[in-house]
Amino acid sequence: MIFNGSSVSQFTGAPGKVLAVSPDRTVTVIADTADSPNQIFICTNCTSTGRTVTSFLFNKVSTPITAAAFSPDSLKAYIVTNSSCPGTSPASAGCLLVYSKVDGPKMLVLTTPEDDITFFPEGGFAYFAESGSSTIAGRHTCDDSTLPSISMTAAPAMVRALPDNATVLVLDPPYIQLINVSGSFAGCTPTVNNTPVGTFDLGQGAFTPTQLIVSADGTAAYVLGERSPSTGQFPFIIQFNIQNQTSSLLTLGNGAIPLSASLSPIGDLLFVGADDGAVHVLDTASGLDGQQITFPFPTNELCYGPGNPPTRVPLTVVDVTAATQGGSSTTYSYTTVSGPSLAVGQTIVVAGMKDGSNDGTFTISGVTTGPPTTGTFTVTNSLGVSDTGQNGTGTVPIACNPDLVAVKP
């Protein structure tokens, strides 16, 4: 979806997740890690009809890790993936795609996968959080040569340069660490000195961060995370006061779970998309959840995929092969076609059954699974009919939650 003022348009030529947008808002990096091969799209002037898209292909991997960041002048972007660079043999641990508005693109082989990137505000170099090692790597922006690495307390997950041109913040759960950066920044390959100045325990034990936001004035950081994919998102947001080196927890009203957040330009409001279908507006000073913006707003078109007529985007699709009626419940046998496993509480739409009484929209009340992708799910359906040899489908639509929130600068 392309939002421009009050208008909304669809652009289907570059599917995937937006990794980075250039500071001048003219270039967008989009990663498609679902299809094979993986693709990185560079979309120039994406909000206009005169947009251009350049794609780069990568080998598909089981757990693709991609990140991207633009230099402050918007002339260069670093894009990393744990796929090998195309045409390299033997396979490498990762690949760095260097995109430039003034030079041709190039790919650099990485000996260690990298999870996150940040450019120093001065623009002369960038830092990379290396995956699986307690190291922060660095590169000069002008020629992409390496800088001396920084040793960390734990494996870094995310890294952000603060706007003071003197500090880098590193999230390495359960810790957050501050690094002082000094040196002579003149010339193509400036001399850079990195000195750790403090390590602080966030008090949440080991976790996987999903988002790290730093306020524009560099005084606060906000962390969203999860214990593991199976346990889901934290029911809170960690707020870290960079000046005082203290942390606190922000919670949402109605027990909602944070999915994504975005900070207002002056840092007074935190807009949080949650699993209750609303955007919660938190006051960062008091921590109060003062307002909830609910959807549809003004319509529910964003809950649907492209097409005419528009259709609900599926999270999981299953083939239904049989139905067994017991009292007021119907139990369906199924084989998963795509998407994650079925779960109790999900809404599922059953269609195409031989007996129409078995069709309908239901809430799953029970699930059993068997190897490798088979099982049964049970719903309340007093009209159901036992039958075998079925050829129906079950579709769990994606929940219409605001799981990506961004505030206009």
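Residues numbered from 1 in each chain as written. Predicted model: local features only at pLDDT ≥ 70, side-chain atom pairs only at ≥ 80, totals over all residues. Heavy atoms only, no water.

Moving on, we come to the overall build of the protein chain. Across its full length, the protein chain carries zero helices and 32 strands. Within the protein chain, the fraction of its 409 residues that count as buried is 43%. Contacts in the protein chain between residues at least 24 apart in sequence constitute 44% of all its contacts with a sequence separation of at least 6. Of the roughly 19200 Å² that the protein chain leaves accessible, carbon and sulfur atoms contribute 53%. (Helix = DSSP H or I, 4+ residues; strand = E, 2+ residues; numbered from the N terminus. Buried < 20%, exposed > 50% of the residue type's maximum accessible area, 1.4 Å probe, protein only. Contact = heavy atoms within 4.5 Å. Areas by Shrake-Rupley, 256 points an atom, 1.4 Å probe, with all protein chains shown as cover.)

Bringing the sheet that holds strand β6 (residues 52-58) into the picture now. Spatial ordering of the open sheet is given by β3-β4-β5-β6, a layout of four strands whose pairing is antiparallel. Because the sheet does not close on itself, it has two edges, and the strands there are β3 (17-21) and β6. Within the sheet, the average angular offset between the axes of one strand and its neighbour, ignoring direction, is 20°. Pairing between strand β5 (residues 38-44) and β6: seven bridges, direction antiparallel. The residue bridging T44 from the neighbouring strand is T52, located in β6. (Pairing = 2+ DSSP bridges. Axes fitted to C-alpha atoms, helices over the stretch in contact; angles between N-to-C directions.)

Here we take up the pattern of salt bridges. A full pass over the atoms with the stated rule returns five salt bridges. A salt bridge links K76 to D144, with the nearest nitrogen and oxygen atoms 2.9 Å apart. Of this pair, K76 sits in strand β8 (residues 76-81) while D144 sits in the loop between β13 (135-140) and β14 (146-151), and the two are 68 residues apart along the sequence. Both residues of the pair, K76 and D144, belong to the buried class. A salt bridge links K354 to D387; the shortest N-O distance between them is 3.7 Å. Here K354 is found in the loop between β29 (347-351) and β30 (360-370), whereas its partner D387 is found in the loop between β31 (374-380) and β32 (392-397), with 33 residues between them in sequence. The class for K354 is exposed, based on a relative accessible area of 60%. Salt bridges sharing common partners tie together K76, K106 and D144. (Salt bridge = Lys/Arg side-chain N within 4 Å of Asp/Glu carboxyl O.)

Okay, the packing of aromatic side chains next. Within this structure, the stated rule accounts for 13 aromatic pairs. With a centroid separation of 6.5 Å and 75° between ring planes, the pair formed by F120 and Y127 is classed as edge-to-face. In this pair, the class of F120 matches that of Y127, namely buried. Seen from their ring centres, F234 and F236 are 4.7 Å apart, and the 20° between their planes marks the pair as stacked. Taking the relative accessible area as the measure of exposure, F234 reaches 3% and is therefore buried. Judged by relative accessible area, F236 falls into the buried class, the value being 11%. Three or more aromatic residues joined by ring pairs form one cluster here, namely F120, F125, Y127 and F185. (Phe/Tyr/Trp six-rings, centres within 6.5 Å; stacked < 30°, edge-to-face > 60°.)

This part takes up the state of the cysteines. All told, the structure shown has two disulfides when counted by the stated rule. Each sulfur in the disulfide pair C85 and C95 lies 2.0 Å from the other. Since a negative S-S torsion denotes a left-handed disulfide, the C85-C95 link at about 100° is right-handed. Of the two residues, C85 sits in the loop between β8 and β9 (94-100) while C95 sits in strand β9, which places them ten residues apart along the sequence. Judged by its relative accessible area of 3%, C85 is buried. Here C142 connects covalently by a disulfide to C188, the sulfurs 1.6 Å from one another. Torsion about the S-S bond of the C142 and C188 cystine: about 80°, corresponding to right-handed handedness. On the criterion of sequence distance, the pair formed by C142 in the loop between β13 and β14 and C188 in the loop between β17 (175-184) and β18 (191-201) is long-range, its members being 46 residues apart. Overall, the relative accessible area of 39% leaves C188 in the partly exposed class. (Disulfide = S-S within 2.5 Å.)

With 88% of its residues at a pLDDT of 70 or more, the protein chain has an overall mean of 86. Here strand β1 (residues 2-4) is the element of the protein chain with the lowest mean pLDDT, 51, and strand β21 (residues 237-241) is the one with the highest, 97. (pLDDT = per-residue confidence, 0-100.)

Attention now moves to the layout of surface pockets. It is the rolling of a water-molecule-sized probe over the atoms that shows where space remains empty. A volume near 170 Å³ is recorded for the second largest pocket. Lining the second largest pocket, in full, are S71, P72, D73, L75, K76, S100, V102, D103, E122, G123, T141 and C142. Here the residues of the lining of the second largest pocket are counted per class, giving four nonpolar, four polar and four charged. (1 Å grid on protein atoms, 1.4 Å probe; cavity = no way out; pocket = protein on both sides within 12 Å on 5 of 7 lines; lining within 4 Å. Points joined across faces, edges and corners; volume = space filled by probe spheres on them. Nonpolar A, V, L, I, M, F, W, Y, C, P; charged D, E, K, R; others polar.)

All right, on to the environment of G384 then. Considering the arrangement of structural elements, one finds G384 in the loop between β31 and β32. On a C-alpha basis, the gap between G384 and G360 in space is 10.0 Å, while along the polypeptide they are 24 residues apart. In this structure G384 touches Q325, T330, S357 and N358, once residues within four positions along its chain are discounted.

This paragraph deals with the sheet that holds β9. Spatially, four strands are ordered β7-β8-β9-β10 in an open sheet, and the strand pairing comes out antiparallel. At either margin of the open sheet sits one strand with a lone partner, and together these are β7 (66-70) and β10 (106-110). Strand-to-strand twist in this sheet, taken as the mean axis angle between neighbours without regard to direction, amounts to 20°. Summarising the sheet, β8 and β9 pair through six bridges and their orientation is antiparallel. Pairing of K76 across the sheet is with S100, part of β9.

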